[in-house]
Amino acid sequence: MNAETKRPRVLSGMRPTGKLHLGNWVGALENWIALQEEHECFYFVADWHMLTTDYADTSELPSNIQEMVTDWLAAGLDPEKSTLFVQSRLPEHAELCLLFSMITPLGWLERVPTYKEQLENVRDKDLHTYGFLGYPVLQAADILMYKADFVPVGEDQVAHVELTREIARRFNNFYGPIFPEPADRLTHAPRLPGTDGRKMSKSYHNAIYLSDPPSVVSQNLATMITDPARKRRTDPGNPDVCPVFDLHKVFSTPAEIGRINRECRTAEIGCLECKAILAKNVNARLAPIQERRKAYEQEPQKVWTILEEGTQKARSVAQGTMMEVRKAMKLA
Ligand code: TRP
Ligand code: SF4
């Protein structure tokens, strides 16, 4: 809880993947935006975390940060309400990560489910690195630096927040009570399918982007896979197995969802019409975002200024925490 504002403090980070898609938006960003009304929010670009997997080619990093933060602002993150910053601009995070690394048992890191899973599944890069194993230690430093009350994250990140609490506990045992234990705030977002029916993801090339113009959205949705058993217009379909219907559940009105749910099963509505309704609704939701996006596209420097100002605010908190930490560890 922040003493001055009496608002609980929230912290979360996002790896700079570039332009955001609908899955990023309904999965995380909408939630971040909602939280900024009642909480003191710190949101940052986790560019060092990006390097734990994408270290070999960093050429796209600046433009990916720029595009992602442009989407943050366009979607409604408000720099007047939330502190927006870039992780790598704050060496304090690296210092705290180093100190935590001294007290973090290897076994804790090897046990993290995402670690083993990614080592086995990711084929196109070598993740047998010190940095990748230490990923959650850096994340703990991000979170504890701001003594966050809540960390809004998706399911895949819950184990990292759990580990953060364990590191906080261990630190406090050794050096005295410095860090409160943060709670995770699971984002209950539906898993959005992409145009091929798999989870929407930049790497699958199946995503609809927040910045896609209406014609591109309509075209991409028109190619989206449907109930595979519905081959002809006259075949009845089953919305329960159709990824288009999953998107309707997020973007369409209850009346439209009800109608499609009935008329698909009786072949009254065809997939083309069904997808056109979806495209209309997605485009209506994207219109205000794209309107706000224009201003930042015309003045890209604004985005960096906002990040610079946020970084300064974050730095004063981070410096305060590091003074306490160094003193507690007799490093002052
Ligand atoms: N690991 C998170 C992700 O991949 C990003 C992240 C880094 C983060 N540091 C964080 C999230 C601190 C919450 C809090 O999504
Ligand atoms: Fe899917 Fe809509 Fe076609 Fe039914 S009508 S199969 S819900 S796209």
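Just above, that's the structure.
This section reports on the structure supplied with the text.

### As for the side chain of Ser 211
Piece 1. Here Ser 211 shows up in the loop between strand E5 (183–186) and helix H10 (214–222).
Piece 2. Filtering out sequence-adjacent residues up to four positions away, Ser 211 remains in contact with Lys 19, Gln 290 and Arg 293.

### Focus on the environment of Thr 114
Piece 1. When you line up the elements, Thr 114 lands in helix H6 (residues 113–121).
Piece 2. Sequence-wise, Thr 114 and Gln 157 are 43 residues apart; in three dimensions their C-alpha atoms are separated by 8.4 Å.
Piece 3. Apart from residues lying up to four places away in sequence, Thr 114 is in contact with Asp 156 and His 160.
Piece 4. Within the structure, the side chain of Thr 114 is placed 3.1 Å from the side chain of His 160, a separation counted as a polar contact.

### Some points on the packing of helix H1 (residues 22–35) against helix H13 (residues 271–298)
Piece 1. Between H1 and H13, the least distance of the axes is 13 Å, while the angle of their chain directions is 65 degrees. Note that H1 runs across H13; the crossing there is left-handed. On the side of H1, the interface is formed by Leu 22, Trp 25 and Glu 30, while H13 contributes Val 282, Arg 285, Leu 286 and Ile 289.
Piece 2. In terms of residue class, the contact of H1 with H13 is made up of 5 nonpolar, no polar and 2 charged.

### Some thoughts on the pattern of salt bridges
Piece 1. Enumeration according to the criterion identifies 24 salt bridges in this entry.
Piece 2. The residue Asp 54 makes a salt bridge to Arg 15 at a minimum N-O spacing of 4.0 Å. With Asp 54 in the loop between helix H2 (47–53) and helix H3 (61–75) and Arg 15 in the loop between strand E1 (9–14) and H1, the pair connects residues that are 39 residues apart, well separated along the chain.
Piece 3. Take Arg 15: its relative accessible area is 25%, and that puts it in the partly exposed class.

Here is what the cut-offs are and how they apply
- Residues numbered from 1 in each chain as written.
- Chains lettered and ligands numbered in written order.
- Predicted model: local features only at pLDDT ≥ 70, side-chain atom pairs only at ≥ 80, totals over all residues.
- Heavy atoms only, no water.
- Helix = DSSP H or I, 4+ residues; strand = E, 2+ residues; numbered from the N terminus.
- Contact = heavy atoms within 4.5 Å.
- Polar contact = N/O pair within 3.5 Å; in protein donor to acceptor, adjacent residues only side chain to side chain.
- Axes fitted to C-alpha atoms, helices over the stretch in contact; angles between N-to-C directions.
- Left-handed = near helix turned anticlockwise from the far one by under 90°.
- Nonpolar A, V, L, I, M, F, W, Y, C, P; charged D, E, K, R; others polar.
- Salt bridge = Lys/Arg side-chain N within 4 Å of Asp/Glu carboxyl O.
- Buried < 20%, exposed > 50% of the residue type's maximum accessible area, 1.4 Å probe, protein only.

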